[in-house]
Amino acid sequence: MSRGWAALAGIAAVAVALGLAELVAGLIAQAPSLIIAVGDFVIDSVPGWLEQWAIATLGTADKPVLIGGILVISVLLGAALGVLARRWFVLAAGGIALFALLGVVAALADDRNPVFLSVLVGALGAAAGIAVLYTLVVALPSRAVPPEPAADADAGGTPALSPVDRRRFLAVTGGATVLGVLAGVGGYLLSGRERLNDLRAAIRLPVPVKQAGPVPEGADLEIAGLTPLFIPNEEFYRIDTALRVPVVDPETWQLEIRGMVDNPFTLTYADLMELPQIEADITIACVSNEVGGDLVGNARWQGVPLRPLLERAGLQEGATQLIGRSVDGFTAGFPTVTALDLEEAMVAVAMNGEPLPAEHGFPARLIVPGLYGYVSATKWLAAIELTDWDVAGYWIPRGWAREGPIKTQARIDVPGGAVAAGRRPIAGVAWAPTRGIERVEVRIDDGPWQEAELSAPYDVDVWRQWVLPWDATPGRHVIAARATDGRGEVQTDERTPVAPDGASGYPIIEVVVS
Ligand SMILES: Nc1nc2c(c(=O)[nH]1)N[C@H]1C(S)=C(S)[C@@H](COP(=O)(O)O)O[C@H]1N2
Ligand SMILES: [Mo]
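Remember, predicted model here, so these are calculated numbers, not experimental data. (Residues numbered from 1 in each chain as written. Chains lettered and ligands numbered in written order. Predicted model: local features only at pLDDT ≥ 70, side-chain atom pairs only at ≥ 80, totals over all residues. Heavy atoms only, no water.)

Before going further, it helps to examine the side chain of Ser74. Its place among the elements puts Ser74 in helix H4 (residues 62–85). Residue classification places Ser74 among the buried positions, given a relative accessible area of 5%. (Helix = DSSP H or I, 4+ residues; strand = E, 2+ residues; numbered from the N terminus. Buried < 20%, exposed > 50% of the residue type's maximum accessible area, 1.4 Å probe, protein only.)

Below, the structure written as structure tokens:
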């Protein structure tokens, strides 16, 4: 058998191994996906700068790229093992077993994965892969009588394929690969998401004791291309380290309030739904948002305010930091006084009127006005831990600032690029949660700063839209904007990168007018 055929056989074997493993992982709720486990292992092992570089250059494509990389390496490995199998089948089989073992080891590095199920997934995958490899490289060719005993130089330990066998070989290889891919995709789709959406749909949210709004007339300027006041859940930006969205069952989920408190306690989802809840419109932002970027969004949040929970727990002297712990191990911490000072800081259970989407932290997450998500907005919340500043949240040892107040920023949304000459709006949003936006100014080319019209004042925690009519003349134009917050502080023009505490500088766009 030629190298090419053998390589194809190896790829089919790996496809079946991975596909079956994914299918089993999808069918059994607690069984880990080995691909995801390896990916998680990579994310947890790479140095902070590399992780940052990946987020900066790839943005939200970082995860598909990582998974894609793992798959590409698996396919190459499969091809190599297929070639090896021609002469040394046992070695190649051992290679597949080792490959599966790697996945199992990665899965076991995360102590949430049960040992038995992790091993089971790996063993089934390996067995299926080895069986396919044996069938294709050993069993099928040996039924063929080699036409000439003097095989070509490239031939391995197995006979060459006759044209008939070649067809059969291709059919089996192709079929196995397709089945493997289908099983893998099916497993991924089955992985608990459906059930979770059923559970979410059945939830009745309590009526909040304090409602948000009313949103005044004119708070949304409704200009084509301008970001709306509220971002729908499906379009809301998403940033987290979770390769697969944690699927948390609200019936068994618990929230612990613990650490430096006199009365630690635990709340179930039902408890949380019985406590008085508030509603608040809050713009949240990611520290990794570049100037002009879209890792920022505004939503209506509903949940249990933090302050009464902390009062019930009884804060001890020195409990200066509040750490949110996620079911997936992520942590984020901010000053305890912030939770005491801000009435709207909450354990959120709903976003824009529906239970939190899985991607945004179902069943509960923290939302704190004015702080970047990496220090505050823990999704899939498992515990609220009161501590001091000796404890550091996930991103701090990876080179990010301990405290992360959201910087005052304006963004230009329209015009989006090339436009025709004439009168048209320059418009965008600006945000400085907890401080509010007082003014936005726009500079066209080397002209003076001109004050933009602002949307109707609504809430300091919510971004504000702005617009400046512009008589666009043909040619290339450079437009800059800057915001002033409610305390009179003008956004700085000093350009800084996103690390360690958020990008600063004016948003600048280039427009070509024809
Ligand atoms: N469990 C968990 N929560 C998390 C994160 C994470 O990686 N894991 N990322 C945080 C960051 S950096 C941001 S900006 C916000 C983003 O929230 P969103 O995805 O709902 O927009 O979630 C925060 N909460
Ligand atoms: Mo973030």
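Moving on, we come to the environment of Gly314. Inspection of the secondary structure assignment puts Gly314 in the loop between helix H10 (306–313) and strand S5 (321–326). Accessibility expressed as a relative area gives 15% for Gly314, which makes it buried. For Gly314 and Pro264, which are 50 residues apart along the polypeptide, the C-alpha to C-alpha distance reads 8.2 Å. If sequence neighbours within four positions are ignored, Gly314 has contacts with Met260, Val261, Asp262 and Asn263. (Contact = heavy atoms within 4.5 Å.)

Strand order in the open sheet made by the four strands is S14-S13-S17-S18, with antiparallel pairing throughout. Edge positions in the open sheet fall to strand S14 (449–451) and strand S18 (508–513), since each of these has one partner strand only. Sheet twist, expressed as the average angle between the axes of neighbouring strands with direction ignored, equals 30°. (Pairing = 2+ DSSP bridges. Axes fitted to C-alpha atoms, helices over the stretch in contact; angles between N-to-C directions.)

A word on a nonpolar patch on the surface. A contiguous nonpolar surface patch, about 370 Å² in accessible area, is contributed by Val181, Val185, Tyr188 and Leu189. Along the chain, Leu189 falls in helix H7 (residues 163–190). (Patch = residues over 30% accessible without salt bridge, like charges linked within 9 Å, V, L, I, M, F, W, Y side chains within 5 Å. Areas by Shrake-Rupley, 256 points an atom, 1.4 Å probe, with all protein chains shown as cover. Salt bridge = Lys/Arg side-chain N within 4 Å of Asp/Glu carboxyl O.)

Take the domain arrangement of the chain next. If you check the domain split of the chain, you get domain 1 (3–191), domain 2 (233–398) and domain 3 (409–513). Here domain 1 and domain 3 have C-alpha centroids that lie 51 Å from each other. (Domains from an automatic or database assignment.)

Right, let's talk about the pattern of salt bridges for a bit. Side chains bearing opposite charge may pair, as long as their charged atoms lie close to each other. Here the structure, examined in full by the defined rule, presents 17 salt bridges. A salt bridge links Arg325 to Glu385, with the nearest nitrogen and oxygen atoms 2.8 Å apart. On the criterion of sequence distance, the pair formed by Arg325 in strand S5 and Glu385 in strand S10 (residues 381–387) is long-range, its members being 60 residues apart. Given the relative accessible area of 26%, Arg325 is considered partly exposed. Take Glu385: its relative accessible area is 14%, and that puts it in the buried class.

So, about the site of ligand 1. Ligand 1 sits among 18 residues. The nearest are Tyr237, Thr241, His360, Arg365 and Lys379. Ile239 places a polar main-chain atom, nitrogen or oxygen, 3.0 Å from an oxygen atom of ligand 1. Look at ligand 1: alone it shows 530 Å² of surface, and the protein chains cover 99% of it. Here the shell around ligand 1 is built from residues that sort into eight nonpolar, five polar and five charged. (Near = heavy atom within 4 Å. Polar contact = N/O pair within 3.5 Å; in protein donor to acceptor, adjacent residues only side chain to side chain. Nonpolar A, V, L, I, M, F, W, Y, C, P; charged D, E, K, R; others polar.)

This part covers H10. Residues of H10 that are buried include every one of Leu306, Leu309, Leu310 and Ala313, and no others. All buried residues of H10 project into a common sector of 95° when viewed along the axis, lining one side. Trailing H10 by a residue or two, Gly314 shows a phi angle of about 75°, which is positive. (Arc of directions from axis to C-beta.)

A few words on the packing of aromatic side chains. Within the structure shown, the criterion is met by twelve aromatic pairs. On the numbers, 5.6 Å between centres and 35° between planes, the contact of Phe330 with Tyr394 is tilted. With Phe330 in the loop between S5 and strand S6 (331–335) and Tyr394 in the loop between S10 and strand S11 (409–414), this residue pair connects regions lying 64 residues apart in the sequence. The exposure class of Tyr394 is buried, given its relative accessible area of 11%. An aromatic cluster is present here, built from Phe330, Tyr374, Tyr394, Trp395 and Trp400 joined pairwise through their rings. Of note, Arg482 hangs over the ring of Trp449, and the distance from its end group to the ring centre comes to 4.2 Å. (Phe/Tyr/Trp six-rings, centres within 6.5 Å; stacked < 30°, edge-to-face > 60°. Lys NZ or Arg CZ within 6 Å of the ring centre and 35° of its normal.)

This paragraph deals with unusual backbone geometry. Following Gly213, the chain continues into Pro214 via a peptide bond in cis, with omega recorded as 0°. Here Pro214 is to be found in the loop between helix H8 (193–202) and strand S1 (254–259). With an omega of 5°, the peptide bond between Ala499 and Pro500 qualifies as cis. Its place among the elements puts Pro500 in the loop between strand S17 (475–485) and S18. In the Ramachandran plot, Trp380 falls in the positive-phi region, its phi being about 50° despite a non-glycine side chain.

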